[in-house]
Amino acid sequence: FPSHDRGGHYSTSTGRFTAPIAGRYLICARSLTNSSANSNPYVVIWVRLNTNLIGYLGHSHTDSWLMESYSGILSLSEGDNVDVYVEEASAHGGQTYSSFSGHLHS
């Protein structure tokens, strides 16, 4: 998929977005997981600011597929970083069906 990383503030090696300037940023994350083949399916995905938990996507379900999402407006200082981190999982998912985005919010 094409990258829309204007300004180069997202690192594909670390998965982190680093705020280039202080301001309010709209941050969104989503993930599609499949837990139909697991007897105790669960997923815990953290949204982190400077490695500290600020939000999460998570579930324990026995449905076939579940799409979850997070969105929030965060006040970031220059140099703060935001990422999405899979803390625990017994369900199946994939990068193809996940996304992480953000932009400076006016």
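Anything mentioned here points back to the structure above.
No experiment lies behind these values; they were computed from the predicted model shown.

Caption draft 1: Inspection of the overall build of the protein at higher detail. The helix and strand tally for the protein stands at zero helices and nine strands. Going from the N terminus to the C terminus, the protein shows its helices and strands as β-β-β-β-β-β-β-β-β. Here the protein holds 106 residues, and 29% of them are scored as buried. Expressed as a percentage of contacts within the protein between residues at least 6 apart in sequence, the contacts between residues at least 24 apart total 75%. Counting every atom, the protein has about 6,700 Å² of accessible surface; 49% of that belongs to carbon and sulfur.

Caption draft 2: Representation of unusual backbone geometry within the structure. Despite not being glycine, Asn50 shows a phi value in the positive range, around 50 degrees. The topology assignment puts Asn50 in the loop between strand 4 (43–49) and strand 5 (52–59). Look at Asn50 and you get partly exposed, because its relative accessible area is 30%. Phi at Thr51 takes a positive value of approximately 70 degrees, unusual for a residue other than glycine. With respect to the element layout, Thr51 can be found in the loop between strand 4 and strand 5. On the basis of relative accessibility, which here comes to 46%, the residue Thr51 falls in the partly exposed class.

Caption draft 3: Structural context of the environment of Leu26. You can see Leu26 is positioned in strand 3 (residues 23–34). Put simply, Leu26 and His103 are 77 residues apart on the chain and 5.5 Å apart in space, counted from C-alpha to C-alpha. The residues contacting Leu26, other than those within four sequence positions of it, are Gly72, Ile73, Ser101, Gly102, His103 and His105.

Caption draft 4: Seen up close, the nonpolar core. Core analysis: the largest hydrophobic core is formed by 14 residues, its most contacted members being Tyr25, Leu57, Leu74, Leu76 and Val82. Going through the elements one at a time, strand 3, strand 4 and strand 6 (65–76) are the ones with two or more residues in this core. If you tally residues by element for this core, the top one is strand 4, at four residues. Each residue touching Leu76, except ones within four places of it in the same chain, is listed here: Phe17, Ala19, Ile21, Ala22, Gly23, Tyr25, Leu49 and Val82.

Reading the values: rules and limits
- Residues numbered from 1 in each chain as written.
- Predicted model: local features only at pLDDT ≥ 70, side-chain atom pairs only at ≥ 80, totals over all residues.
- Heavy atoms only, no water.
- Helix = DSSP H or I, 4+ residues; strand = E, 2+ residues; numbered from the N terminus.
- Buried < 20%, exposed > 50% of the residue type's maximum accessible area, 1.4 Å probe, protein only.
- Contact = heavy atoms within 4.5 Å.
- Areas by Shrake-Rupley, 256 points an atom, 1.4 Å probe, with all protein chains shown as cover.
- Core = buried A, V, L, I, M, F, W, Y, C linked by side-chain atoms within 4.5 Å.

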